[in-house]
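So you can see what is in the structure, the chains are spelled out below.
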Amino acid sequence: MERFAFILHPLTLDDVRRWQPAVADRPDAVLEKMLEGMPPFKVSHVTGIRSAAGAEAEGWFVGCPLTARQMMALDADFVIKKIIEAAAMAETLGAGIVGLGAFTAVVGDGGITVSRNINIPVTTGNSYTVATAVEGALHGAELMGIDPSAATVAVVGANGSIGKVCSCIMADKTAALKLVGRRIEALEALAADLDGRKAVVSATTDIKAGLAAADIILTVTSATDVIIEADDLKSGAVVCDVSRPRNVSRQVSESRNDVLVIEGGVVAVPGEVEFNFSFGFPPRTAYACMSETILLALDQRYESFTLGKDISLKQVKDISAMADRHGFKLAGFRSFERALSSEQIAAIRRNAGRSAL
Ligand SMILES: NC(=O)c1ccc[n+]([C@@H]2O[C@H](COP(=O)([O-])OP(=O)(O)OC[C@H]3O[C@@H](n4cnc5c(N)ncnc54)[C@H](OP(=O)(O)O)[C@@H]3O)[C@@H](O)[C@H]2O)c1
């Protein structure tokens, strides 16, 4: 039996209020102070994972009680210390590898400092997140009748760990690539690196301008608030929102019935897995970053597979091959916490004026 652990945290105070109804009526500032003072804790025991290759795994979710906003706003040393404590708890529980969920991989140096302070390997899960984000966006495009090789693609958060590799992959597959982010020099340097690929690459810090012509959008930022609004999107576009908390305004689901928004990085895990904790997904589905951690355990690759902010295409290919071997697959599409049926996708396609498949 292989053993892993994965560090979770509340993305927003809404999560805290959902998980702890007894404190739901407390003001935001009180809840934040409460989280600041709380040590990491064991959330659940994960059982029943059996891979297509016959390997079995169990694991633990460990909670790091800080929201995404707190992780970005509080003193970095305080935040990293708490993540190290959570990782040390994973080691004590008996995990052979620990994965960093959501902002525990975003803050600081992408797990390098954490790995130096514990005795088991650490992975951010970002390699498999890239693989599933690109796969999901391209599959969504196909369902919406978009030909990627003729399409304009925007990557929002293109300078980031996940964004950079997504941009590299998309530069070989599409007609035009817009790199969208906050720092123009870094975006232009990435655009220069991608010069000579199939896509014509350009860079902007203006989200609205970057999205106006985009047929396919991958959004992978560390923004803790919504940054993509309903009127930013072209009719018929597909948006793969990988960011947690999400980047796309919920208003899109209310006012834009001609745009397909999907959650990126949702994976079907093989076996009769019981997470024994609800993070809002249907049974037997997990985030891609969790899945990477589980895969490494199943494959007995007890190594810091994705560490730091730079990911190579080889890492993305290797983890995809591991996923195929162990029977991990992209799960059915979800949009704003709900499953999307093929009828709903066909209706979005019709609303965008496209003929049926
Ligand atoms: N779905 C999943 O399974 C899964 C798995 C792992 C991670 N994630 C999520 O993926 C996201 C990205 O993670 P990462 O590790 O790639 O983070 P990262 O390396 O910190 O990169 C984030 C990028 O977003 C940019 N950014 C932040 N705020 C922005 C804004 N308002 N407008 C435009 N760009 C902005 C940052 O710009 P600067 O370069 O200027 O800082 C940075 O380049 C996070 O939300 C994380 O929680 C999801």
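Rules behind the numbers
- Residues numbered from 1 in each chain as written.
- Predicted model: local features only at pLDDT ≥ 70, side-chain atom pairs only at ≥ 80, totals over all residues.
- Helix = DSSP H or I, 4+ residues; strand = E, 2+ residues; numbered from the N terminus.
- Rg over C-alpha atoms; globule rule 2.2 N^0.38 Å.
- Buried ≥ 20, exposed ≤ 12 C-beta atoms within 10 Å, placed from the backbone.
- Contact = placed C-beta atoms within 7 Å.
- Near = placed C-beta within 6 Å.
- Nonpolar A, V, L, I, M, F, W, Y, C, P; charged D, E, K, R; others polar.
- Pairing = 2+ DSSP bridges.
- Axes fitted to C-alpha atoms, helices over the stretch in contact; angles between N-to-C directions.
- Core = buried A, V, L, I, M, F, W, Y, C linked by C-beta atoms within 7 Å.
- Domains from an automatic or database assignment.

A. Expanded view of the overall build of the protein chain. Helix and strand counts for the protein chain stand at 14 helices and 17 strands. Compactness check: the protein chain gives a C-alpha radius of gyration of 20 Å against a globular reference of 21 Å for 357 residues, within 12% of the reference. The dimensions of the protein chain, computed from C-alpha atoms along their principal axes, are 55 × 50 × 40 Å. Counting every position in the protein chain, which comprises 357 residues, the buried fraction comes to 50%. Put simply, of all contacts in the protein chain between residues at least 6 apart along the chain, 71% involve residues at least 24 apart.

B. Representation of the site of the ligand. As a matter of local geometry, the ligand sits amid 31 residues, with Gly157, Gly160, Ser161, Thr221 and Gly265 nearest to it. At the level of secondary structure, the elements contributing two or more residues to the shell around the ligand comprise α5 (103-106), α7 (126-143), α8 (161-171) and α12 (288-298). Considered class by class, the residues forming the shell around the ligand number 13 nonpolar, 14 polar and four charged.

C. Molecular detail of the sheet that holds strand β12 (residues 266-268). The three strands lie next to each other as β14-β12-β15, forming an open sheet whose pairing is antiparallel. Strand pairing shows two members of the sheet lacking a second neighbour, β14 (285-287) and β15 (329-330), which therefore form its edges. Both β12 and β15 contribute to a ladder of two bridges, which runs antiparallel. Each bridged residue has a counterpart across the sheet, and for Val267 the counterpart in β15 is Leu330. Of the strands in this sheet, β12 and β14 touch α12, which is tilted by about 100° from β14.

D. Quick look at the nonpolar core. Of all hydrophobic cores here, the largest spans 114 residues; its most connected members are Ile7, Ala133, Val155, Cys166, Leu179 and Val238. Structurally, this core is a two-domain feature, drawing no fewer than three residues from each of domain 1 (2-127 + 267-330) and domain 2 (129-265 + 332-351). Apart from the residues within four sequence positions on either side, Val238 is in contact with Ala137, Gly140, Ala141, Met144, Ile146, Ile216 and Leu260.

E. How the structure looks around the sheet that holds strand β5 (residues 122-123). The six strands are arranged β5-β4-β1-β3-β2-β13 in an open sheet whose pairing can be described as mixed. Because the sheet does not close on itself, it has two edges, and the strands there are β5 and β13 (271-274). Here strand β1 (residues 2-8) runs beside strand β4 (residues 98-100); their pairing, made up of three bridges, is parallel. Bridge pairing links Ala5 to Val98 in β4. Sitting on the sheet, α12 is in contact with β1, β2 (41-50), β3 (56-63), β4 and β5, with an inclination near 160° to β1.

F. Broad picture of the domain arrangement of the protein chain. According to the domain assignment, the protein chain consists of domain 1 (2-127 + 267-330) and domain 2 (129-265 + 332-351). Relative placement of domain 1 and domain 2: their C-alpha centres are 25 Å apart. Listed by partner, the interface residues are 24 residues for domain 1 and 17 residues for domain 2. Those elements giving two or more residues to the side of domain 1 that touches domain 2 turn out to be α3 (68-73), α7, α12 and α13 (313-326). By residue number, the principal contributor to the side of domain 1 that touches domain 2 is α13, which donates four residues.

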